[in-house]
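Fold and geometry: a report
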Amino acid sequence: DAGITQSPRHKVTETGTPVTLRCHQTENHRYMYWYRQDPGHGLRLIHYSYGVKDTDKGEVSDGYSVSRSKTEDFLLTLESATSSQTSVYFCAISDGRGNEKLFFGSGTQLSVL
Amino acid sequence: RKEVEQDPGPFNVPEGATVAFNCTYSNSASQSFFWYRQDCRKEPKLLMSVYSSGNEDGRFTAQLNRASQYISLLIRDSKLSDSATYLCVVNRYFGNEKLTFGTGTRLTIIP
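Overview of the structure. (Residues numbered from 1 in each chain as written. Chains lettered and ligands numbered in written order. Predicted model: local features only at pLDDT ≥ 70, side-chain atom pairs only at ≥ 80, totals over all residues. Heavy atoms only, no water.)

**Side note on the pattern of salt bridges**
Residues and elements named next belong to chain A. The full count for this structure, using the stated rule, is nine salt bridges over all chains. For R36, the salt bridge identified is with D38, shortest N-O distance 2.8 Å. Of the two residues examined, R36 and D38, each falls in the buried class. Residues participating in the shared-partner salt-bridge network are R22, K70 and D73. (Salt bridge = Lys/Arg side-chain N within 4 Å of Asp/Glu carboxyl O. Buried < 20%, exposed > 50% of the residue type's maximum accessible area, 1.4 Å probe, protein only.)

**Quick notes on the environment of T100 of chain B**
Residue and element names in this part refer to chain B. Locating T100 in the fold gives a position in strand β10 (residues 100-101). Look at T100 and you get buried, because its relative accessible area is 19%. Residues T100 and T24 lie 76 residues apart in sequence; the distance between their C-alpha atoms is 12 Å. Residue contacts for T100: discarding those within four places in its chain leaves E3, V4, C88, V89 and V90. One polar contact links T100 to E3, side chain to side chain, over a distance of 3.5 Å. (Helix = DSSP H or I, 4+ residues; strand = E, 2+ residues; numbered from the N terminus. Contact = heavy atoms within 4.5 Å. Polar contact = N/O pair within 3.5 Å; in protein donor to acceptor, adjacent residues only side chain to side chain.)

Shown next as structure tokens:
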């Protein structure tokens, strides 16, 4: 299995608080992605990165920011968490951009009360 | 209309049986197609890519029908370990950031 670690695995927080999720990889893959998964929706891309300090928005980026200061780490921040951001968050990595195989982390279950 | 649609199931199938399910996509310009497998409360994992000529991997066969805009997954001699949710993934463009995921079809293999 690809070396991807997400932390924390579970988090409960209150509306209005900032939250940061971490994705750490040991594969030295260039591309990293943050997705959310909700019932009735397929996985939806929040943000992605194509290199250190290079990031771009995905389909559902409002309310989220990301940072990538090192190849191995990709952080997702909810500046002020809302109940609509309760979801399962998955980090993924790929070696190339062109429809290469995605390797997913184990996910973070986030509950915003 | 959703870009990628799947029957959510559940499909309850006896062990050893053959099961097939489809995924329809709305954009005829779609170029790349994949099946991912997701076990309960786990991360998705790539099962197989789907090629125009169809492709097989052991007990699994994937096919693409461009005329009718659907892809299919057939599982022969189903095992208990095949119980999972199968996600259809489609891309209209080049680039993983453009992938569209279906909501998944849940399959349960019954002993």
